[in-house]
Amino acid sequence: MTNLVEIEDLKVHFPIRRGLFVDRVVGHVYAVDGVDLSIRRGETYGLVGESGCGKSTLGRGLLRLTEPTGGRMVFDGTDLATLKGEDLRRMRRRMQMVFQDPLSSLDPRQSVESILVEGIRVHGLDKGVDLGKTLRDLLTSVGLPHGSLRKYPHEFSGGQRQRIGIARALAVRPDLIVADEPVSALDVSVQAQVINLLEDLQGEFGLTYLVIAHDLAVVRHIADRVGVMYLGGIVEEAPAHELYTDPLHPYTRALLSAVPVPDPVVEDRRERILLTGDLPSPAAPPAGCRFHTRCPWKQATRCDTERPRLRAVESGHKVACHYAEQIRSGELRPHSVEPELVPELVLDP
Amino acid sequence: MRSRRARIGLTVLILVYLWTFLSPLVAAWDWSAKDLSAFLEPPGGSHWWGTTQTGEDVYAQSMRGLQRSLSTGLLAGPLATVIAAVVGSLAGYFGGWTDRILMWGTDLLLVVPAFVLVAIASPALNGGSFLWLVLVMAGLVWMITARVVRSMARELRERPFVQAARYTGMGPLSIIYRHVLPNTASILIIDATISMASVVLLESALSYFGFGVQSPDVSLGTLIRDGTRTLAYPWLFLPPSLLLIGAVLVVNYTGDGLRDALDPGSERARRVTGS
C-alpha cells in the first residue's frame, strides 16, 4: 500500500496580536507543532485528543483551510504547499471535508439539489453527464430518498443533514475525505448509522479517511490506525486494536483508563489513572516532553529537557516517550503527581 | 406572501399607485391645465378638491404629486438597497483594505448632512431629469443598511457553509452572490420598503425647499409648500399633506408585515420552527 498523504513536521502557529494603535505580535499559539503523519491509500486514520490539542487545526492545515506555518504536506506525490490558484483548486476536488455541525455547514437558503450541484459545477464535472442521474445516485449512496432534492436543510433531521454533508463531499469524487468530528453533533443512536455509512462508502468509492474525533469508541470502530494528539503533537500512533489493547504512552494510558468498561466486576477492579493539573497553554508549551507536567511516570532526567521524537517501538507502533519500554515492562511504576500550576501567560515584554 | 399585513399594505400601495396613472382618464381636469374661470374655489363641482390661486385643479395636481413621490420612492428605495447590498457585502466579505476604503466612503456620506449636499448640488442638477433625482435620493439613504449588511457578511464569512463553498473552489464573487446575499435577503427586502418611505419623505422635504422636483412639474412637497403660503385655504395643503402621511404609513405598514414574515425572530417564524 502506498501513502496517499505524507505530512512532515507540520506546524500551524497562530500569532497573538496586541496593541492599541500598532499591531504587535506578542506570541504564538502553537496549535500544531511538528507533526509527522502518513495516511495510506484506502485506510482510515483516526486522530484523537482532547479539545484544544490541535487535531482540527491539523485537519484544516492539511486542506490548507488554515495556512500552515511550516512543514511539508505531500498528497499523492504532489507537494501541497507549492500549489496555487487553479492547481490548488483542482487538488482540492480530491480532498474533501465533512464538517462537525451539519446544520451550520449547509446554507439554509439552498436546496439540497443546489448544494450538491455547486461543487459539481465548480469543478466542471457536469459536462457530458446526466446530472439528474448523478444526483439520484449520490442520494442513494448516502441513503436519502430521491425526493430530498427539492427540500431545504431545516427540513431534515440531524443524521440526514450529515448525510447531505457527506453527499456534498462525495459529489466531486474525492480520494481523501477529512471528517472533523463527523458524528459528535449527532444522537448516539444516529452516530452508529453515520459511521456505518462512512464505512460502506469507503468500500464503494475506494475512499481514504482522516477521521478527527474526541470519542475513543467512535475512532476504535472506524479507524484502521489511530494517532493520539496532545498539545500540538502526536504522542502515539498504532493500529487501532493494538492502541486499545496495549497503549504505550502515559497519556494514551490515562485516556483509555477513563473509558468505562461495561462490566461491573472489571470496572470496580481496574486501575484508573487520574491526571492532575490542567492542560498547559498551547501558547507556552512546557519544555521537553509536552506531557511531563502531568505525567505519572515522569522521570528526573530527560523528560523536562528533551522533547521525545515519535519513534517506532514495534513495527507500526510509534510512541513519543523516552521511557516507553520501561513503562511497558513494569520497570517504572506510576507515582503521584503534584498538580503544577499552569503559569499565567505573560505576553507583554 | 404569508403575512396578512404585508399583503394588505402592498395591495393598497399598488392600487393607489395605479390610480394615480388612471385618474386623468376619469377626472375632468388635467394637472397642468388652468381653469381661468375658477380661482381659489373650494371643493365641489367639477373641481373635486377645489382649485388654486391660478385655477389649477387640486385633485389632479395631488394625484400627479403623489405619482411623482411614489415613483421616486419605488425606484430610489430598491436602488439604495442594491447599493447597500453591494458595498456592504464586498466590505464585509473581503475585509482588510477593501473594507476600510468602502467604509470610509460610507461614513463620510453618513456624517455629511445629506440635505446640505443636495442643496449644494441642486443648481447643477437643475433642469436635470427625474432620474437624476432618483439617483441622488438613492445615494443619500443607503449607508446605514450598508453597515448592517457588512456586519452580517462578516459573520457569514466565518460560517462553515461559506467556508465549505470557499473550499469547494468557488470564487469570492459567486460566494457573495450565492451564499452571502441570500442569507441577508430578509433584511434587504425589509430595508427596501423602509428606504422607500424615507425617500418619499426626503423627496417631499427637498421639493418643499425647492431643491427637488422643479416647476412646472409638481410633487407632494411643492404642493404643500405652495399650499401653506397662507393657511386660509385648507383645501390647498390638506390633500397633499394627508396623501403624504398616508403613503408613508402604507409603505411602513408593508415593511412591518414583511419583517414579520421574513425575520426569523418574529412571532410567526417562531411558531413554525417551534412546531
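Model, not experiment: these values are computed from the prediction.

## Remarks on the overall build of chain A
- Across its full length, chain A holds 11 helices and 12 strands.
- Scaling as 2.2 N^0.38, a compact globule of 349 residues should have a C-alpha radius of gyration of about 20 Å, and chain A matches this with 22 Å.
- In terms of overall dimensions, chain A has C-alpha extents of about 65 × 60 × 40 Å along its principal axes.
- In chain A, which comprises 349 residues, the share counted as buried stands at 42%.
- Of all intrachain contacts in chain A linking residues separated by at least 6 positions in sequence, the fraction that spans at least 24 positions is 67%.

## Digging into the overall build of chain B
- When its secondary structure is counted, chain B shows 12 helices and 0 strands.
- Listing every helix and strand of chain B by position from the N terminus yields α-α-α-α-α-α-α-α-α-α-α-α.
- Projected onto the principal axes, the alpha-carbon positions of chain B cover approximately 75 × 50 × 30 Å.
- Taken over 275 residues, chain B has a buried fraction of 42%.

## So, the interface of chain B and chain A
- Tallying the contact residues gives 13 residues for chain B and 16 residues for chain A.
- The greatest single-element share of the side of chain B that touches chain A, amounting to 7 residues, is contributed by helix α7 (residues 160–168) of chain B.
- Per-class residue counts for the side of chain B that touches chain A are 7 nonpolar, 5 polar and 1 charged.

## Comments concerning the nonpolar core
- Among the nonpolar cores identified, the biggest contains 155 residues, and Leu116, Ala167, Val178, Leu210, Val211 and Val228 of chain A together with Met137 of chain B are the most heavily contacted of them.
- Among the elements that make up this core, the one with the highest residue count is helix α2 (residues 58–94) of chain B (15 residues).
- Here Val178 of chain A is in contact with Gly59, Leu62, Leu63, Met95, Met97 and Leu210 of chain A, once residues within four sequence places are set aside.

## Considering unusual backbone geometry
- A positive phi angle, close to 60°, is found at Arg64 of chain A, a residue other than glycine.
- By the element assignment, Arg64 of chain A lies in the loop between α1 (55–62) and β4 (70–75).

## A closer look at the sheet that holds strand β2 (residues 24–40) of chain A
Residues and elements named next belong to chain A.
- On the basis of which strands lie adjacent, the open sheet formed by 4 strands has the order β2-β1-β4-β5 and antiparallel pairing. Two strands in the sheet have a free side with no partner beyond their single neighbour: β2 and β5 (78–79).
- Direction of pairing for strand β1 (residues 3–18) relative to β2: antiparallel, over a ladder of 13 bridges. Residue pairing across strands places Arg17 opposite Val25, the latter belonging to β2.

## Brief notes about the pairing of strand β6 (residues 95–98) of chain A
Residue and element names in this part refer to chain A.
- A two-sided burial pattern is seen for β6, the buried positions comprising Met95 and Met97 on one face and Gln96 and Val98 on the other.
- Relative to strand β7 (residues 176–180), β6 runs parallel, the two sharing 4 bridges. The residue of β7 that forms the bridge with Met95 is Leu176.

## Points about the confidence of the model for chain B
All names here are of chain B.
- Per-residue pLDDT for chain B averages 82, and the proportion of residues at 70 or more is 91%.
- No element of chain B has a lower mean pLDDT than helix α12 (residues 267–274), which averages 42, and none a higher one than helix α6 (residues 143–157), which averages 92.
- Contacts for the low-pLDDT stretch residues 265–275, under 50 throughout, to residues beyond four places or in other chains number 7 contacts.
- In the model output, the complex is listed with pTM 0.79 alongside ipTM 0.75.

## Describing α6 of chain B
- Taking 1.5 Å per residue, 15 residues should reach 21 Å; α6 of chain B reaches 21 Å between its end C-alpha atoms and fits that length.
- Where α6 of chain B is buried, its residues touch α2, α3 (96–111), α7, α8 (172–180) and α9 (185–208) of chain B.

## A word on the sheet that holds strand β11 (residues 311–314) of chain A
Residue and element names in this part refer to chain A.
- Strand order across the open sheet formed by 8 strands is β6-β7-β8-β3-β9-β10-β12-β11, with mixed pairing between neighbours. Strands at the two margins of the open sheet, each flanked by one partner only, are β6 and β11. Sheet twist, expressed as the average angle between the axes of neighbouring strands with direction ignored, equals 25°.
- Where strand β10 (residues 233–239) lies against strand β12 (residues 317–319), 2 bridges are found, and the strand directions are antiparallel. In the strand pairing of β12, Glu237 is matched with Lys318.
- Contacts from helix α5 (residues 158–170) reach β6 and β7, with the element oriented near 175° to β6.
- Against the sheet, helix α9 (residues 250–257) contacts β9 (225–230) and β10, and its axis sits at roughly 105° relative to β9.

## Focus on the environment of Val129 of chain A
All names here are of chain A.
- Turning to its location among the elements, Val129 is positioned in the loop between α3 (112–122) and α4 (131–142).
- Judged by local crowding, Val129 falls into the exposed class, with 10 C-beta atoms found within 10 Å.
- Between the C-alpha atoms of Val129 and Leu144, which are 15 residues apart in sequence, the distance is 21 Å.

## Quick look at the packing of α2 of chain B against α6 of chain B
Residues and elements named next belong to chain B.
- Where α2 contacts α6, the axes come no closer than 7 Å and their chain directions differ by 40°. Classified by the angle between their axes, α2 and α6 sit oblique to one another. Regarding α2 and α6, the two cross each other, and that crossing is right-handed. Of the residues in α6, those in contact with Thr81, Ala84, Ala85, Val87, Gly88, Ser89, Ala91, Gly92 and Tyr93 of α2 are Thr145, Ala146, Arg147, Val148, Val149, Arg150, Ser151, Met152, Ala153, Arg154 and Arg157.
- When grouped by side-chain class, the residues that make up the contact of α2 with α6 number 10 nonpolar, 6 polar and 4 charged.

Definitions and limits used
- Residues numbered from 1 in each chain as written.
- Chains lettered and ligands numbered in written order.
- Predicted model: local features only at pLDDT ≥ 70, side-chain atom pairs only at ≥ 80, totals over all residues.
- Helix = DSSP H or I, 4+ residues; strand = E, 2+ residues; numbered from the N terminus.
- Rg over C-alpha atoms; globule rule 2.2 N^0.38 Å.
- Buried ≥ 20, exposed ≤ 12 C-beta atoms within 10 Å, placed from the backbone.
- Contact = placed C-beta atoms within 7 Å.
- Nonpolar A, V, L, I, M, F, W, Y, C, P; charged D, E, K, R; others polar.
- Core = buried A, V, L, I, M, F, W, Y, C linked by C-beta atoms within 7 Å.
- Pairing = 2+ DSSP bridges.
- pLDDT = per-residue confidence, 0-100.
- Expected span 1.5 Å × (residues − 1).
- Axes fitted to C-alpha atoms, helices over the stretch in contact; angles between N-to-C directions.
- Parallel < 35°, antiparallel > 145°, perpendicular 65-115°, else oblique.
- Left-handed = near helix turned anticlockwise from the far one by under 90°.

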